[in-house]
Every structure is written in C-alpha cells, then in structure tokens.
Amino acid sequence: MKSTKKVLALVLTLALVFALAAPTAMAKARTTKIGVGLYQDSGAAVTAVKSYLGSLEDALNVKFTYTVLSNTDEAQNITKVQELIAAGCDGIICTMDMGTEAILQECADAGVYLAGYLCDYDTSFRNNYDNVFKNEFFLGTVADGGCADEARRGYDFFDSVIEYNERTPDAPIRHVAMTVFPAFAFPYQQSFAAQFVEKVEEYNAANPDKAIEVDPLSDETDILMFRPMDSTYFSKHPGIDAIVSICSGSFVYPTMVSAGVSNTMKLFAAGYNDGDEAVFGSKGAYQMEIVSPVEAITYPLVLLLNKINGVEFPDQPAEAERRGSSVLLINSDEDLAKFQNSIYLSFKPEDAFLSPEDVVALTAYNNPDATYAGLVDVLAHMTIDDIK
Amino acid sequence: MKLTKKIFLTLLFPVLMFLAMWAITAANPACYVNGKFIFLGFDLVRFVILNACQSICVALAIWMQLKNGRFDFSNGAAMILTAIIAGNIGLRTGSPWLTLLVAVLCGIILCAITAAVYMLGRLPIVIATIGMTLLYESLTYLVFGGGGISNFYQNDTLSIFGHLPGIFFPTALAMGIFLFYSNCTVTGRKGKILANNQAAGVNIGIWEEANVSQTSMFCGAIVGLAATIYVSQNQVLPQSGLSTSGIMFSYIVPVYMGMFIGLASNDVIGISIAAIAMAIFNYGLNCMNLGGGGWQQIIMGVFVMCFYTFSAQLDNIKKAFRRLTKKEAVA
Amino acid sequence: MPETVTSRRTDERTSFFTFIKNHTMDLLAYAGLAVMLILFLIFNSGPRLMYNFSAVVQAAAVYSILALGAVFIYSMGFMDVSLGQQVGVYVILMILIGNKIGGPAGVVVGFLVTLALALACGAINGAVSIFLGLPSIVTSLFLMFFFTGAQYLLMESTGENTIKLLQTVKPADRNTYTLMLIGIIALLAVIGTYFFNYTKLGKYTRAIGANKVAAKQSGISLVKWQVLGYMALGFCAAVASFVLLTRTGTAGKGTGSGYAMDIMICLILGGMPLKGGMKSKISCALVGAFTYTLLSNVLTTMGVPLNWVNFVKALIFLVIVLLTCRKPNGVLPR
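For every chain, the first residue of the written sequence is number 1, and numbering continues from 1 onward in sequence order. Labels are handed out in written order, letters beginning with A for the chains and numbers beginning with 1 for the ligands. Only residues with pLDDT of 70 or above have their local features reported here, since the model is predicted, and side-chain atom pairs are shown and tallied only from 80 upward, although totals for entire chains, interfaces and linings are computed over all residues. To obtain the side-chain values, all non-hydrogen atoms of the structure were used and water was disregarded.

What to know about the overall build of chain C
Okay, step 1: Broken down by element type, chain C carries 13 helices and two strands.
Okay, step 2: Relative to the compact-globule value of 20 Å for 334 residues, chain C shows a C-alpha radius of gyration of 22 Å, a close match.
Okay, step 3: Seen through its principal axes, chain C has C-alpha atoms that stretch 80 × 60 × 40 Å.
Okay, step 4: Within chain C, contacts between residues separated by at least 24 positions form 80% of all contacts whose residues are at least 6 apart in sequence.
Okay, step 5: Accessible area for chain C stands at about 13,700 Å²; split by element, carbon and sulfur atoms hold 69% of it.
Okay, step 6: Here chain C contributes 24 positively and 9 negatively charged side chains, and the mean placements of these two sets differ by 6 Å. A run of H or I in DSSP becomes a helix once it reaches four residues, and a run of E becomes a strand once it reaches two; helices and strands are each numbered from the N terminus. For a compact globule the rule gives 2.2 Å times the number of residues to the power 0.38, and the radius of gyration it is set against comes from C-alpha atoms. Residues count as neighbours in contact if any of their non-hydrogen atoms are within 4.5 Å of one another. Here the accessible surface of atoms and residues is derived via Shrake-Rupley with a 1.4 Å probe, and residues count as covered only by protein chains that are part of the display. Counting rule for charge: Lys and Arg are taken as positive, Asp and Glu as negative, and neither His nor the chain ends is counted. A single reference atom marks each charge: NZ on Lys, CZ on Arg, CG on Asp, CD on Glu.

Here is the structure:
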C-alpha cells in the first residue's frame, strides 16, 4: 500500500511538471518546416547543400526535410511532394520541372508554397506559363549560370579553351569536338554549342595563325542519350585535341580512360564529380569544370520564408521570376586551389559565401530594409573569385 | 561430336555476327569518316574485350545459380556494394591487388549472407533474393558516406583490372573458378539434378544446404571479380528501388545464349562466346549511331527474341529442313 | 451422448486455432497493413490527416490496379518485367492522341486505342511464349526492350522533356478525385474478385500455376487461359495508365519506370506466393499495394533521414516476408 502511494505521488508530480512545461513549450515560436526535393540523393553537392542549410536552421528557426526527386517520373515527384506536405512542410524547394502543374495543385490544396533551385523551369515557362509562373503558390526559381536564352555557357567554354592555349603555348588545342544531351531534355545545350562555334569563328577570323577547328555538332554522334559516350566517338572525330562536353563530364571521362586517351586529350566539361581534382589541370585531362554554388538555394529559401511569414519585399515582382546565379568556373590549378576552400568540397558552413546572419538580413520579415534587388544581387557574387 | 565440328559450331555465332555487322556497317555511310571505315580497327578489339570480359563475369555468376535451379536477384546489388567497398578501400590503400582481394572476400560474404537468409529463413529464392537486393542497395547509401565511388577508374594504377591487358586476369580467374566448381566439386557436378527435379535430387542424397552454401561462395567470388572490373571502368553510385535488377536483366542475354551455344562445348565457353558476339553486335550499332536511345533497345529486343525462338525451335527447323530436302530428292 | 458446454467450447477453440493455423500467412499480411495504418494515424494526426489520406490513395491507386491484374499472371507462376514500360507508352499515347483529336472525345479515343494495344500486348505475351516454346520471361524481356525503345522514340519525336494533356481529366475538387479513385479501385477489386474466385479464369490460372502438366491433362487449354490471364493484366495496365494520367497530366521518357519491380514487391507484401498455384489470392493485390504505399509515406512523415529510408524499408520487407512466406518443412522452397 505504501509503495502504491509512492508511485501515485511520483506520477502526479510528473504530470504537474509536464503541465507546467507545456505552456512554456507552446509559447516558443513555432519552427518553420521547409522541404527540399534534391535532384540526387548522394554526392558532394548534396552533402554541401545539407551542410549549408543545416547551418541556417538555428538563425532562421527553420527545420529542413529532404527527399529526392526524379528527372523522368512525374508521379514519383508528386508522391514525394505530397509526403513532404504530409510531414508538415510549410514550403518546398524543388529541383525538377516534372509534373509541376500537378505539384502546384497539391501545394494550393495544402496552402504550401513552392520555389525552384538549380532548374530554370523551362518546360513550364514555355508551355505552361500561366498555370505555373502566374500561380500564387509558385514563388520563382534560380538556375545556375543564367536562364535559358540568357545563358552564355558556350562563351565560357570558349574563354576556357583560349585561356588554356595561352597557358600552354607549346601544346595548344587546335581541334575540338563537342557533346551535348538531347534537345528534348536540355533544349539550350545545342545553342550553347552554337555560341561556342560562333566565338571560335570570330577568333579564327582575327587569328588565322592560331585557328581552332571545331567538328560540327552531329545529331547522330555527339548527342549522348544519358549513357556514357561510346568509344566510336574517337573514330568519328579523329585527330581531336580536346572535347568540349556541354553535358556532364561524367558521361565522357570514363570512356576517355577506357580508350586510353585521358593522358593526351583534354576535357572541358560542365559539372563537377567527386575526385575530379585528382585529374584536373596539370594533373590530368580536365581543364575546365563548372560548379553550381550551393548558396544559390538562398534565393528560393528567402522567398518562401517571407511568404510563410506573411511579408513581401517592397520591390517584389508581381509574378514569379526565374533568375540566374553565377557559377564557379574552375579554369586552372589556381582556381582549383580556391575551390577547395569552398563549402562544396570542405562541407564547412564557415566556407560558404553567406553566413547565417547574412541570410537573416536578406529576409524581409527580419530586416525591413531588405529588398528583392538585394537578394538577386547576392546571386551574382558566387564566383570563384568571391571565395574567401 | 568430332572436335573440329565442336569448334566450328562454337565459333559459328560470333563469326557470323562479325561478318553480318561488317557487311551492314560497310553499307552504311555513317561508318565512314574522312573516307576511312571505322568498324574495323583496334577500337573494335578493345571495345569487345573490355565489354565482353565484364559480361562474362556477371553472366557466369548468374548462370552458376541458375544452373542449380535458383534465380538470384541479388547478384547485381552485391556487385555494386562490393564495388563501392572494395573501390574505397583500394583508393585509401593505393593497391589494386588489395582491391581485388577485398572485392572477392566481400562478394563471398554478401552471397553467403544471402544464402544464409534463404536457408534459415526458408523463403522462396526469388523473395529472399529480392529482400537481400533491397538491403544491399540500401547499404550503398550508408557505407563510406553514401557517396559511392567516383574516382577509382580515373587512377591508372588502381584500375588496371578494368583495362587492357589487366582485365584478362579477373576474367580468367572467374572462368577458372566456374570450371573448377562445375567439374571438380561434387556440388557443381550434381547441381543440374537439383535444377531438373529438386525433390528427386534431395531424395537420392544431394545435400541441398551444402549445395546452396558452396555455390554461393563460388558465386560470390565471381561477383567480386565482376565488381573489380566494374569499379575499374565506371563511376559507381548508390542504387535503390531494385534498379540493380536492371543490371541482371541486361547481362542475362549472354546467359541464355550461352546455354545454347555451349551445347557444342561447355557452358563457360558458350557464355564467353555469346558475350563476345553481343559486344561485336553493340559495337556495330554504335558505329551506325544506333548505340543509344530508342532504336538500340528495339533492335536488341527483336534480336533476343529471334535468337531464343531459333534456339527453342531448332528441332522443328531441322525437321522442316529434312522434309524439304526429302521432297526435293523425291522430285 | 448429449453435447456439453465444455465440449462445445473445446470444439470452438479448436476450430479457431485451426483457422489461425490455416490462414497464418494471410493474417500476417493483414497484420502488416494494420501496423502501417496505425503508424500512419499516429504520425499524421492533425489538420493534414485528410490531405495525407488522399495522397496515399492517389499513390496507391496505380499500384492497386496493376496488382489486381498482375495477380492473374503471378497465380500462373509467371511475371511481367515489361509492365512499367508498357504503362509509360500507354500514357504517352493517350496524351498524343488526346491532344491530336482534342476535347473529351480525344481522351476517350486515346483510352480506347491504348486499351486495344494493351489487350493485344497481353495476347502476344501469353500466346507467343507457348507457340514458340519460350519461357514467359523471354517474351516479357522482349516487350520490355521494345517498350523502352518506343518510349524513347515517342518522346524524342515530341521534342520535349515532358508532354501535357491539354484536356483536363482530373476533377477540380480534391475530395471528389479521391472518391473517384476509391470508386475505381473498389469496382476493379469487385470485378477482379469475381473473375478470380468465381469463374474459370481464376480457377484455371491457379491450376496452371499449381501444376501445368496436370492442368493440361485435365483438359485445360493452356494457350487460351494464359492469353486471357495476360489480357486481364493488359486491361488493368490500360486503366492504371489512365489513372496515372489523371494524377500527373503529363508523361516523359521515364514515366512508369520501376513499376514491374514495385508490383512484385506489393504482391509479396500482400502474401502472394510467387510460384502461383491454389494459394494465390486476389486480396494480396490491395493489401500489398496499400502496405507498400503506406510504408513509404510513414517513413517520410516520421522524419527518417533520407539515407536510412531504403534500409528501413528493406528490413521491414525482410521481416514481413520472413513471417508470411516461410516454408519450414520439406525441401528448400523455390
């Protein structure tokens, strides 16, 4: 009997303690939940994004939940977004333009906002503008390197080739071929190829003694159907010194290695893969790589947080926009050395372009002086030269 | 059957394939660059060897289990997980031989675990191996930070077993292991009985648990060798959603073809020959710019269907042929 | 001797335990679904419960419909690895035909054309393997390659990454849409149950799975019933494709990818014997589809880290199959 009374007393005490604690807990500001639908579920980029966002959680009172989207299956993307909404997310950052209209319908039903990252939402922009960009639940997107027809990626490749030739006058590149992804998936890569050819022709006209030959982009040979390039590419492009891979280098480099040309041929590629630093610049085939700054996710994040907190920038555009961020162009060993100090490779939040305090200052609900123009301006200062 | 006839029948398929692709590519303008015919060249030899060696190793692993009446879904996932583990260890130690050893050990352990789950769980083999496939795929996200292995193939020293001439070593080892298993072990010699009639096999004294465990060990060793070649040629990323079963289905083609071709010799030679022929076929398609995309899939499907139909109906074809020749003789 | 209360109670207890013993696997499959439902309710309390319920119904609808058709195939001991690619091509064709003709009529025509194609593919799948003496997996592989290629070529011809159906087919009201899906699943479940349990189709497909030789010798036409079984799957594939289209409104080169393996997992989780035979049950389809969908949903709402989701799913799958599919006696199960 005595022990029973003791147990009852303990239970009552605990109940009182919880009762006292509950109001305290409820009085604390509710944490905002943001879902992030990534384009891949592993790799340095994913680790860097999570590290960066993780560093912002305390300062912004935000909790991030991650999932991975598909770039081929719309139903899966809708399911993933529904799961994020069901998990209590107030806003969602998406990296894919697949099933966007149906996804926005889900968001509207739940009162959740959507913004884009690393995606120019080109299909929706061209074919479904009213239902996506004019939708009140879609806040805008940021793409790496400029959106669609504004992008000048082809010129970047040209500049890199010339920079290489100036650096190595004894063994310049005089003959290149290109690779791209199919137009139905990446419609602007072929225009990037055309930009590259245009600049080469201008250069050749001005410098006939240093002319560079570019194999015309062949619909049959040079379009990679999302599988590694096959070795017949080298037979079909005999005598080339370098490949300009406007699609990812990871589809080209393994074939170069198998074919035994990785020690003699150079590669200028978009994208960056774990371990590429071991074969970059003076150490190997890679001479140019393009990396999307993970800190560009700040753009959709700030827009979402503002909206969730019921505040807008004084200069907020009436419709959702797609903006381009700068990219990290790695063109030399010196650039690579700088790049190794970025959060992308170090995974340290202190190496990011923006600190948590910087991001707080960009939000309208924390900083009444914050502007949309200021947020956009930040995106332009995420280059290799901006690394601390 | 006389030896010369056996050799003739064995080499017939790849020779016919080579001649057919030669003729087709020679007639295709896409196969000429600056007037030079690109089908014939060292690139063909290198492509065929590198791809066929990988196919041979995986196909032998599939066939080893299939021969005993078991379809193992988990070989693909075991190969990927082994490639990631062995590749990361190899990268840290800088030794390709250690990579090979770790891969073989890892393959054996993973296949042994699958066998244990099958035997102790007493689950149907397909269900057990699907479960293990899901498990091994999930582990690819957990080992070594979930990043897979991206830069092993880039290292010339480490990746010797994925390129010429080092690739011959793991391939020959895989073939040797298979031959040893098939001809020098009781399990290997009696395995076919289990495939044809499991109950009868058990009743005449075949100890099925021993068969399963020993077969899995040998299979695991071959999977490890396949993983060594795979990581030496490719970037290996974590997988999920039974996507590694796609690896199985793509390498099963030489298995079924090899069963038929191997009637004239033995299954190891049959599978090797089939792998070589399919590599020649794929190279020809690549030269004609049909190597990727929709047409390659359709052509592959039609070819596979025709081959299997031919092999399944061979007796009927022979009968029809004999009837035709008899009629002509009478006429 | 008059029946005593004690002996009656003993009889009742005995029959109860006999029932449990004879239906252990089915009960465990249902238990798996019950556990998932309980977890779903625990982690979805609050205002988003109804939203998530409708999300689960949407995600499970396509799997349920495909699984209902797949039961006929799996009961014969076969499997179809081309299912996902077929669904992808059917959705693309519905969009292309629907947009070409325009309006609701376009959608109807698109569905009918797709249905005819699906039934034809089912017939080919079922008949060709018997006529040509091939294992069923071979014709299935052929169709998988063929439809993968067709999907690529169709999308390439459009010049777009995704294509959208211009006509709206999804009800604007979320609750109406959910009810519509539940109605379609229920209707197909009733039809499927009738055909599987009360007609020759179900009886003979199970007999073929149990023992093909005995079935043939007892007068069952293997060709006819195999073809009809595959056509039943084809019918369900066409309906599932339409349901998928109502959900997404779009299609791309990867639409439907992985569905064949997902359906296999759904049926396994539902307690379906992969060898087929007389123990095959139509209920496996719905039980498995909802268990699988709820599992994915619950893991996300629980906040399981991304890297661990697949591991947890694999463990749960293994636990469930160890409980439901274990065969303790006799030779090692095949």
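There is more to say after this.
What about the nonpolar core?
Okay, step 1: What makes a nonpolar core is a set of buried Ala, Val, Leu, Ile, Met, Phe, Trp, Tyr and Cys residues whose side-chain atoms join them at distances within 4.5 Å. Only protein chains enter the accessibility calculation, which uses a 1.4 Å probe. A residue is then buried if its area is under 20% of the maximum for its type, exposed if over 50%, and partly exposed in between. With 206 residues, the main nonpolar core has Ile130 of chain B together with Met264 and Leu267 of chain C as its most contacted residues.
Okay, step 2: Ranked by residue count, the leading element in this core is helix α2 (residues 42-66) of chain B, at 17 residues.
Okay, step 3: Boundaries of every domain are those given by an automatic assignment or by a domain database. Per-domain counts for this core show at least three residues from each of domain 1 (3-291) and domain 2 (295-331) of chain B.
Okay, step 4: The contact partners of Leu267 of chain C, leaving out residues within four places of it in the chain, are Ala67, Ala70, Val71, Tyr74, Met272, Cys284 and Ala285 of chain C.
Okay, step 5: Residues Leu56, Val81, Val261 and Val291 of chain A belong to the second largest nonpolar core, which totals 102 residues.

Considerations on the sheet that holds strand β7 (residues 213-214) of chain A
Hydrogen bonds between backbone atoms are what pair the strands of a sheet, whose relative direction is either parallel or antiparallel.
All names here are of chain A.
Okay, step 1: Strand order across the open sheet formed by six strands is β7-β6-β8-β9-β10-β12, with mixed pairing between neighbours. For this open sheet the edge positions go to β7 and β12 (328-330), each flanked by a neighbour on one side alone.
Okay, step 2: Bridge count for strand β6 (residues 175-179) against strand β8 (residues 242-248) is four bridges, and the pairing is parallel. If you follow Met178 over to β8, its bridge partner there is Val244.
Okay, step 3: Contacts from helix α7 (residues 153-167) reach β8, β9 (266-270), β10 (286-291) and β12, with the element oriented near 150° to β9.
Okay, step 4: Angles here are taken between N-to-C directions and fall from 0 to 180 degrees, while the axes themselves are lines fitted to C-alpha atoms, restricted in helices to the stretch in contact. Lying on the sheet, helix α8 (residues 189-206) is in contact with β6, β7 and β8; it crosses β8 at an angle near 150°. For two strands to be treated as a pair, DSSP must find at least two bridges joining them.

So, the packing of helix α4 (residues 83-101) of chain C against helix α5 (residues 103-131) of chain C
All names here are of chain C.
Okay, step 1: Between α4 and α5, the least distance of the axes is 7 Å, while the angle of their chain directions is 150°. Looking at the two axes, α4 sits roughly antiparallel to α5. The chirality of how α4 crosses α5 is right-handed.
Okay, step 2: The residue inventory of the contact of α4 with α5, partitioned by class, reads 13 nonpolar, seven polar and no charged. The labels follow the angle: roughly parallel below 35 degrees, roughly antiparallel above 145, roughly perpendicular from 65 to 115, and oblique for the rest. For any helix crossing, the convention is left-handed if the near helix is rotated counterclockwise from the far helix by under a right angle, and right-handed if that rotation is clockwise. Only Asp, Glu, Lys and Arg are considered charged, only Ala, Val, Leu, Ile, Met, Phe, Trp, Tyr, Cys and Pro nonpolar, and every remaining residue, Gly among them, polar.

Focus on the domain arrangement of chain A
All names here are of chain A.
Okay, step 1: What the domain assignment lists for chain A is domain 1 (32-145 + 293-326 + 355-380) and domain 2 (150-291).
Okay, step 2: Taken together, the contacts link seven residues of domain 1 with six residues of domain 2.
Okay, step 3: Once two parts are joined, some of their accessible surface, as seen by a 1.4 Å probe, is lost; buried area is that loss totalled over both. Both faces considered, domain 1 and domain 2 share a buried interface measuring about 500 Å² in area, 37% of it formed by carbon and sulfur atoms.
Okay, step 4: In what follows, salt bridge is the name for a side-chain nitrogen of Lys or Arg lying within 4 Å of a carboxyl oxygen of Asp or Glu. At the boundary of domain 1 and domain 2, one finds zero salt bridges.
Okay, step 5: Any pair of nitrogen or oxygen atoms within 3.5 Å is treated as a polar contact; in protein, a donor-acceptor pairing is required on top of that, and neighbouring residues in sequence qualify only through side-chain atoms on both sides. Inspection of the region where domain 1 meets domain 2 yields one residue pair in polar contact (both at pLDDT 80 or more).
Okay, step 6: Residues that form the side of domain 1 that touches domain 2 fall into these classes: two nonpolar, two polar and three charged.

Focus: the interface of chain A and chain B
Okay, step 1: The partner chain B presents 27 residues to the 25 residues of chain A that form the contact.
Okay, step 2: Counting each side, the surface lost to burial between chain A and chain B is near 2,100 Å², with a carbon and sulfur contribution of 49%.
Okay, step 3: Together, Lys236, Val257 and Ser258 of chain A form the three largest contributors to the area buried by chain A at its contact with chain B, with a combined 22%.
Okay, step 4: Seen at the junction of chain A and chain B, the total is zero salt bridges.

With respect to the interface of chain B and chain C
It is common to give the size of an interface as the accessible area lost on bringing the parts into contact.
Okay, step 1: Counting from both sides, the interface comprises 50 residues of chain B and, opposite them, 46 residues of chain C.
Okay, step 2: Here chain B is connected to chain C by zero salt bridges.
Okay, step 3: The interface formed by chain B and chain C contains two residue pairs in polar contact (both at pLDDT 80 or more).
Okay, step 4: Elements with a contribution of two residues or more to the side of chain B that touches chain C: α4 (96-121), α5 (125-139), α7 (186-196), α8 (198-203), α9 (208-233), α10 (244-261) and α12 (293-312) of chain B.
Okay, step 5: When residues in the side of chain B that touches chain C are grouped by element, the largest group, 12 residues, is from α12 of chain B.
Okay, step 6: Broken down by class, the residue content of the side of chain B that touches chain C amounts to 31 nonpolar, 15 polar and four charged.

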